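Tertiary structure, described
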Amino acid sequence: MERIHVPPVGPMDLPLSLLEMGCSGRFELITHPLPGQPLPPQSTLPHGLPPTSLSLEREVEKRFLRDPAWLPIHDTDFAFQKFLKVTERKVNVDSLLSCTPSPLHSGLSVVRDPTTGMLLDFTEVLLENTGLSAKNSLSLQRQPGPPSESLRGSNTNYPFLPGGMEELTLDQIKTRSEQEEEIDFEKDLLKVPPGLKAGMDFTDKDAKKTKPEVNLMSLLSTLEDIPDLQPEAEKEDSKAGEEAIKLPRTNSLEDLGIKDVQSSPSAKEAGKEGKSKPKENPEEKKKWAIPVDILSPCEDFYKRIPNPAFKWPFELDTFQKQAVLRLEAHDSVFVAAHTSAGKTVVAEYAIALSQKHMTRTIYTSPIKALSNQKFRDFKNTFGDVGLLTGDVQLSPESSCLIMTTEILRSMLYNGSEVIRDLEWVIFDEVHYINDAERGVVWEEVLIMLPDHVSIILLSATVPNALEFSEWIGRIKKKHIYVISTMKRPVPLEHYLYTGNSTKTQKEMFLLVDATGNFLTKGFYTAVDTKKERTSKHAQSFGTKSTPQNTTASQDRAVWLTLLHFLSQRQQTPVVAFTFSRTRCDENARSLESMDLTTSIEKAEIHSFFQKSLSRLRGGDRQLPQILLMRDLLKRGIAVHHSGILPILKEVIEMLFSRGLVKVLFATETFAMGVNMPARTVVFDSIRKHDGTGFRNLLPGEYIQMAGRAGRRGLDATGTVIILCKSGVHEMADLHAMMMGKPTILQSQFRLTYTMILNLLRVEALRVTDMMRRSFSESHRDTQAHEKRISQLKQMLAALPPLDTEGQLSDFLPYYHTVTELRHTREALQQAILESVNGLKALSVGRVIVVNNRQHLNALGVILQVSNDAVNRTFTALIICEKGNEEVDQKGEDSTALPHLYNTALFVPEGPCSHTVQKLKLQEISAITVKTLKVIPERIIDNYNKRLQPRFRDDPPGQAISTATQELLRLAEANPGGMATLDPVNDLQLKSVDVVEGSMRLRVLQDSLADFNCIHSPSFAEQFARIKERMSVQEELDRLLFLVSDQSLTLLPEYHQRIKVLQSLQYIDSSGAVQLKGRVACQISSHELLLTELLFENVLSPLAPEESAALLSCLVFTQNTQMEPHITSTLKEGIDRVLSVAQRIGQLQRDCGIPQTAEEFVGQFKFGLTEVVYCWARGMPFAEIAFLTDVQEGTVVRCIQRLDEVLKEVRSAARIVGDSVLGSKMERASLAIRRDIVFTASLYTH
């Protein structure tokens, strides 16, 4: 169709135009085209064919030459400046500043017709919390941060509010600052406003007196005939009702209310005066930990959970059902179960639940290897699983994230967005909290978790699971259900093995049977067989004590014999725990004659081995360790310890779980959670070196390792064998180790600088709160204390006021003097009793002065001294009034010391009588210089005889009369008091405390005479009053101290660490975190040293590979024998690091931290600097192994951890703004991330 030529628009034409809208056939009439403009196009679609391929040249030209807008305008390069001139672009500094628009304060809300639902109108509603952001609020209402920070958070973010912390804000409100003053809205109101003449009248105008509120529950309790209507939940609220006293019935509610209100305080006082401890209601002390009875079966399990989130191919055990029921109710649980009992079921159910609820679960494990393994297991089960460890990050958007506890801690401190969606956190192997180095991380995480997250703790059996759960429950204000199993699913049998040759290979003696009884018979037979063999030796060579250590050849004989015996009895696979890596290797090497696999198994092992190592570079496949291990594996033998390359370890674990490794020589780490059960576990020895010295295995460690024996569903019992190589171990040691209780969970909480800085940068969180909530302070039962404090305050208010007028004006100081006198004297007596000379002086015949509730300054003579050192008693003959011989039981308590310290001795007014009594040390108030010759046996016998009714009236015997007369004579001769033995001069006690005490005692005694109050007639009554008042006050002060932060064990150390941080300028004097502190927050270990190195530019002059080598001192912990050969710049670097470390160590010492500077410097070891330097420069791993005596696995582990340090330094450098150092760290990190060191884990592929 050809084009029609239309004449140009003339004056007569209407200015109309048709516009075709898209290709739907609709047209639009355009009436007012703009004057001077041509008519708009006839169609909104472009004409012609759509463009097919764009020419690249045109694109490039258009993009790069015609439009330089994409180029940066702030580069300083010379050529670049010329280019800017050519392209005529101006540098625009403002474009670098970006300011986010402030959030809208209101939004629109729809108004609808309530009946029809029609839209009527929009109204503006004010939005709350719009200003909240991750930089200023702990609330979950704050807006999410940028997506780049959503996973790990940022170290300028606030964390989310930790659960159980809310009640703090009230305390903060209550502790007023100095400027504020208390206003009582009843009395102190100002009546007249400033500037006005008249004011308001606030007095009540015959307002009806409001009756006190009536408590319905207390009414119910008074009307007994109403049946018990309260449902369970209200029972707790009714505590008040139970405490209220039963009131008489009345017709008027008001009377009841008033009486109730008035009578409760008096009831409380009555209870206090009776000094009877009120029986605590079960609800009074709220228990947070709830033990679940696993013996009661869950019959209605399938009724209660008709469609579970996850189904297993096997029937669950009772404890698993109990746990699943608790998870469905969204409660937190602590499952302490035996090894192989199936704790993972609980974790799996939680993950399935969170997938069903579209929330997230975080699974934390203490060890990276365990994380990798769990990742594989859960990935196969659930699919949607991610992994976050120091160096790996796989699908972090998944609903289940597996990570190490340290990463979760940094996510919590940095306010990661993941926490919002979090429903469960699963802590596996919680008994790791006992780890001295890392245990504190668990406590920090548990304290920092927000309220909406429920906690699942999985652990081996621990004795104090309840106490631990009680602590978590109390700090999180949630109930924790404690579920523990009674016994192992596969019972264990423990044997002693004494065989060492083909002849003796059957010498295996049962020591603990499957039901857990310790059989001494087995022990003695083992000892006898061992003896027989050594006795022949002894006959020929004379008795030599059996050597503790055996030679390698003897060892080899034992192992060959044992393994031969076990493989005959089909007891493989065997895990042999050996507590030294070299011993592991030697034992495995010594078995070169042994072959435990069939040819089919050999083929399978070979193909698996080759396939797994196919991703290594050629050279790496020929490493001596790999070749050796390949050889061992073919014969079904393997070694597993920290010196083995990680990839080899994984190959070994996988082959072991398939049953292809028959004998595995492993160290203790293999038992720590790597879930690889065997049929038999063998202990090479029961002593291990724990970093300080050799010791026997603890019951917990033994059970953890022995628990690897017995595979559920495969073995009826698991076998545990203890080798007796040199001699049989002591029976007591064996019994303690096998039958002992496993280690209790103990707090390893300590303050770290990172923790202090992370909490200081958030105003709302205080370090003392963290300390108060730690497990080490869990014995502080603040709630109970608070309750008692309020009771004591009420008691104080109710006591009658003291009369301190006139003569009694110096009454309080008098009381304090008397109390101090009492304490000083008690301390001195204690010192005398604990000294040798004091005990010599307090021997038979010594004259003493006795003071107790029956005698006042009466003379006595010692007849007998008891032998026990703890509560030593002295039997003495004491003179007294006739008729006062018997002890008056109803007198008041013995601590009510007579208030007058007069030294006048007691002289009987009437005829003198006597009594024989057992005295405690406290009742002997002085040791005189006199002794009497007495015959103690006769006196005591005679006195005891006259206690019987029929000899009651006999005259006292000769010995007693003489002694009594002597005492009476002494008393009459020295009425003002007798000379006493001075502890310092006579008893020769020269310690500072005693000397000071005795001087103070004299001063106090002399000062007593100057007081006026003693002469007052009402003195005795007032003294009793003040005594009662003061005892309440003292208890109150003690409790107030316990509740306050001052009683925290770590408080002094906290102040010392704050001092260190202030003098290094990480925080200012008010505790605000400075730039240096910000940087230190980024760094997880050795934060002070690294930050100082950064700020002193120690790393700047070094090349990337040198800085990597230098920083290796932070991750390497072993001692090496070999001296590294390194460049001179590195040597200087090492010296600078050591001098910085020395300075920090010295500063810590000066601030009072107990660690010496040498210890602080000593933890940095430079043994791997050469290795890392050569590795970063590209030397192959095979050559590196020859540079050092450190084992390959350790080297790999160190380089991997070094990579994490480099990344931390990189992000720290960016905070400081040192982009050069940042990129240098990036290069160093790239240089070491290669080959075998960073081969991906087999579990994650």
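Residues numbered from 1 in each chain as written. Predicted model: local features only at pLDDT ≥ 70, side-chain atom pairs only at ≥ 80, totals over all residues. Heavy atoms only, no water.

- Per an unreviewed UniProt entry, the chain carries the name Helicase SKI2W and comes from Crenichthys baileyi.
- Quoted verbatim from the Subcellular location (unreviewed entry) field of UniProt, the annotation for the chain is "Cytoplasm".
- Under the UniProt heading Catalytic activity (unreviewed entry), the note attached to the chain is "ATP + H2O = ADP + phosphate + H(+)". (UniProt positions renumbered as here; feature names shortened; annotations may be inferred.)

**Side note on the sheet that holds strand β24 (residues 858-865)**
- Strand order across the open sheet formed by five strands is β26-β25-β24-β23-β27, with antiparallel pairing between neighbours. Looking at which strands have only one partner, the edges of the open sheet turn out to be β26 (912-919) and β27 (924-931). Taking each pair of neighbouring strands and ignoring which way they run, the sheet shows an average axis angle of 35 degrees.
- Judged from the five bridges that link them, β24 and strand β25 (residues 874-881) form a sheet pairing that is antiparallel. Bridge pairing in β25 places Q864 opposite T875. (Pairing = 2+ DSSP bridges. Helix = DSSP H or I, 4+ residues; strand = E, 2+ residues; numbered from the N terminus. Axes fitted to C-alpha atoms, helices over the stretch in contact; angles between N-to-C directions.)

**Digging into the packing of aromatic side chains**
- In total, this model carries 19 aromatic pairs according to the counting rule given.
- With centroids separated by 5.0 Å and ring planes inclined at 40 degrees, the aromatic side chains of W471 and F775 adopt a geometry described as tilted. One end of the pair, W471, is in helix α14 (residues 465-476); the other, F775, is in the loop between α25 (767-773) and α26 (782-798), with 304 residues separating them in the sequence. No difference in accessibility class separates W471 from F775, as the two residues are buried.
- With a centroid separation of 5.7 Å and an interplanar angle of 80 degrees, the aromatic rings of F1160 and F1164 are classed as edge-to-face.
- In this structure F1160 comes out as buried when scored by relative accessible area, which is 8%.
- On the basis of relative accessible area, F1164 is assigned to the buried category, the value being 5%. (Phe/Tyr/Trp six-rings, centres within 6.5 Å; stacked < 30°, edge-to-face > 60°. Buried < 20%, exposed > 50% of the residue type's maximum accessible area, 1.4 Å probe, protein only.)

**With respect to a nonpolar patch on the surface**
- Among the surface-exposed residues, L14, L16, L18, F27 and L29 lie close enough to one another that they form a single nonpolar patch of about 530 Å² accessible area.
- Positionally, F27 belongs in strand β2 (residues 26-30). (Patch = residues over 30% accessible without salt bridge, like charges linked within 9 Å, V, L, I, M, F, W, Y side chains within 5 Å. Areas by Shrake-Rupley, 256 points an atom, 1.4 Å probe, with all protein chains shown as cover. Salt bridge = Lys/Arg side-chain N within 4 Å of Asp/Glu carboxyl O.)

**A short note on the sheet that holds strand β11 (residues 422-427)**
- In space, the nine strands of this open sheet follow the order β5-β13-β6-β12-β11-β7-β10-β8-β9, with mixed pairing throughout. The sheet is open, and its two borders are formed by β5 (289-291) and β9 (393-394), each paired with just one other strand.
- Where β5 and strand β13 (residues 480-484) come together, three bridges link them in parallel fashion. For P291, the partnering residue across the bridge sits in β13 and is V482.
- In the packing of helix α10 (residues 344-357) onto the sheet, contacts are made with β6 (332-336), β7 (360-365), β10 (400-404), β11 and β12 (454-459), and the angle to β11 comes to roughly 165 degrees. (Contact = heavy atoms within 4.5 Å.)

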